[in-house]
Amino acid sequence: MTATKANDARSSAHSLEIVKVIEETSDAVSIVFDVPSGSEEAFAYTPGQFLTLRIPHGDDSVSRCYSLSSTPSAGRQLQVTVKRVDGGRGSNWLCDNATSGMRLDSLRPGGMFTPTDWADDFVLVAAGSGITPIMSILQTALAEHTNTIHLVYANRDEESVIFADQLRALTTAHPTRLSVQHWLESTSGLPTDESLRKLFGDVAGQRAFICGPAPFMEVAGQALSSAGASPDMIHKEVFVSLNTDAFATRTATPTAPSNSGAVVTVDLEGEVHTLNWPRDQVLLDVLLDNDLDAPYVCREGNCGGCAYSLRSGVVTMLVNDTLDQYELDRGVRLACQSIPETDELDIAFDR
Ligand SMILES: Cc1cc2nc3c(=O)[nH]c(=O)nc-3n(C[C@H](O)[C@H](O)[C@H](O)COP(=O)(O)OP(=O)(O)OC[C@H]3O[C@@H](n4cnc5c(N)ncnc54)[C@H](O)[C@@H]3O)c2cc1C
Ligand code: FES
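Here the structure is a predicted model, which means the values were calculated and not measured.

Draft legend 1. Looking closely at the sheet that holds strand 3 (residues 50-57). The six strands are arranged 4-3-6-1-2-5 in an open sheet whose pairing can be described as antiparallel. The outermost strands of the open sheet, each flanked by one partner alone, are strand 4 (60-67) and strand 5 (77-83). Neighbour-to-neighbour, the strand axes of the sheet open up by a mean angle of 40 degrees, direction not taken into account. Where strand 1 (residues 14-25) and strand 6 (residues 103-110) come together, four bridges link them in antiparallel fashion. Its bridge partner lying in strand 6, His 14 is registered against Ser 106.

Draft legend 2. Fine view of the pattern of salt bridges. One pass over the full model with this rule turns up 15 salt bridges. In this structure, the salt-bridge partner of Arg 76 is Asp 34, at a minimum N-O distance of 3.6 Å. Of this pair, Arg 76 sits in the loop between strand 4 and strand 5 while Asp 34 is found in strand 2 (residues 28-34), placing the two residues 42 residues apart along the sequence. On the basis of relative accessibility, which here comes to 35%, the residue Arg 76 falls in the partly exposed class. Looking at Asp 34, the relative accessible area reads 24%, which means it is partly exposed. One salt bridge in this structure joins Arg 84 and Asp 96, with 2.7 Å as the shortest N-O distance. Note that Arg 84 is positioned in the loop between strand 5 and helix 2 (89-97) and Asp 96 in helix 2, a separation of twelve residues in sequence. One network of salt bridges, with partners in common, ties together Asp 34, Glu 40 and Arg 76.

Draft legend 3. Molecular detail of the domain arrangement of the chain. Assigned domains of the chain: these are domain 1 (4-110), domain 2 (122-238) and domain 3 (262-348). Between the C-alpha centres of domain 1 and domain 2 the distance comes to 24 Å. Approximately 1200 Å² of surface area, both sides summed, lies buried where domain 1 meets domain 2, with 58% of it carried by carbon and sulfur atoms. We note a salt bridge from Arg 156 to Asp 27, for which the minimum N-O separation is 3.6 Å. At the boundary of domain 1 with domain 2, the tally comes to one residue pair in polar contact (both at pLDDT 80 or more). Within the residue set of the side of domain 1 that touches domain 2, elements represented by two or more residues are strand 1, strand 2 and strand 5. With three residues, the top contributor of residues to the side of domain 1 that touches domain 2 is strand 5. Residue composition of the side of domain 1 that touches domain 2, grouped by class: five nonpolar, ten polar and three charged.

Draft legend 4. Up close: the nonpolar core. In terms of nonpolar packing, the biggest core is built from 30 residues, with Trp 277, Tyr 308 and Phe 349 touching the most fellow members. Mapped onto this core, the elements with two or more residues apiece are strand 12 (262-268), strand 13 (271-277), helix 8 (283-289), strand 14 (307-312), strand 15 (315-317), strand 16 (332-334) and strand 18 (344-348). Per-element accounting of this core gives the leading share, five residues, to helix 8. Core analysis: the second largest hydrophobic core is formed by 25 residues, Met 135, Leu 142, Tyr 153 and Val 161 among them.

Draft legend 5. Highlighting the packing of aromatic side chains. Under the criterion given, the structure shown has four aromatic pairs. Summarising the aromatic geometry, the rings of Tyr 308 and Phe 349 are spaced 5.8 Å apart at their centres and angled 45 degrees between planes, so their arrangement reads as tilted. With Tyr 308 in strand 14 and Phe 349 in the segment after strand 18, this residue pair connects regions lying 41 residues apart in the sequence. Look at Phe 349 and you get buried, because its relative accessible area is 15%. Linked through ring pairs, Phe 113, Trp 118, Phe 122 and Phe 209 together constitute an aromatic cluster. In this structure, Arg 207 packs its charged tip against the face of Tyr 326, placed 4.4 Å from the ring centre.

About the criteria used
- Residues numbered from 1 in each chain as written.
- Chains lettered and ligands numbered in written order.
- Predicted model: local features only at pLDDT ≥ 70, side-chain atom pairs only at ≥ 80, totals over all residues.
- Heavy atoms only, no water.
- Pairing = 2+ DSSP bridges.
- Helix = DSSP H or I, 4+ residues; strand = E, 2+ residues; numbered from the N terminus.
- Axes fitted to C-alpha atoms, helices over the stretch in contact; angles between N-to-C directions.
- Salt bridge = Lys/Arg side-chain N within 4 Å of Asp/Glu carboxyl O.
- Buried < 20%, exposed > 50% of the residue type's maximum accessible area, 1.4 Å probe, protein only.
- Domains from an automatic or database assignment.
- Buried area = accessible area lost by both parts, 1.4 Å probe.
- Polar contact = N/O pair within 3.5 Å; in protein donor to acceptor, adjacent residues only side chain to side chain.
- Nonpolar A, V, L, I, M, F, W, Y, C, P; charged D, E, K, R; others polar.
- Core = buried A, V, L, I, M, F, W, Y, C linked by side-chain atoms within 4.5 Å.
- Phe/Tyr/Trp six-rings, centres within 6.5 Å; stacked < 30°, edge-to-face > 60°.
- Lys NZ or Arg CZ within 6 Å of the ring centre and 35° of its normal.

Right under this line is the structure:
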């Protein structure tokens, strides 16, 4: 068995041209890419999803995820917003070198940090660069839906607030639907559970989306719970650096057919496949070894790029740093971390 198709798919890195670089703050830039003609379908995305970029690093490269701060209605222009991390390889390279006309390799958009029910009122909570997916969600809600939105946005100081002008303009344009509260560390110190709870007010029944550094997300999550949000209404996006090369060519490790494996029916891109699933292999490896173009990015259980729907059967996930209880309750699982527990399973890549 060859892994040719899977390899092509993974390295189905698309070369994207940068058409604009916008200096947002002294340590953050937005990079706008043009989607090449013919790749529109591959780069269709939902608000909250991210691109994975291959960023030069010495003689090598690093793979980094960046959330789309644009909205799908912006058509062929994809925008990511990158904030410098002290000593960081990818973010500093992009802030220093990204320029109009340059080309960078990108994987297709991925991720699960996307509202599925736009009828709910939203409480959006961001810190620093965590505003990027939140901005896409917020603008889509205002343009295409009728719910109300309360944004709480924490930053070091006034100069580091990304999208300050756009947020001001949006609040003026939608005074009854959008309220924005800024938290500045320079004047108020680090946000605490209690201070955030006061800003949130009563959030019972609202759907919450949080994005920012891990310690902030921890405090914000606690504050949302004590302000009345139920756990299945709180969605989080964790910003971490990938440890793997998302663009690497993968070598297939064929497995002998086994009677003791499970049997899985896979619905992928409109085609249904029935496969043997050895008990000690994660689903993603089984799919790639069978030459199927299954989506993935990190293979570490933290990006959601390999999410699928478990229609029947039971799996164990080795690691899950990305799916929340709401998604798990709806049968969403990670292919890169799933081991079969039942003899028969039925799954679909329909996310
Ligand atoms: C789904 C997702 C979406 C994201 N969206 C965004 C976004 O919209 N905007 C954004 O700005 N970021 C985003 N990120 C984060 C982004 O992918 C990177 O993690 C971030 O830019 C830092 O990458 P870096 O290469 O600059 O830093 P890294 O090189 O990964 O370094 C990170 C930190 O580790 C330290 N470090 C590095 N190497 C070592 C070492 N060998 N030993 C000890 N310490 C070390 C660095 O000094 C630095 O403090 C997102 C991440 C994910 C997973
Ligand atoms: S590929 Fe990132 S969670 Fe599976």
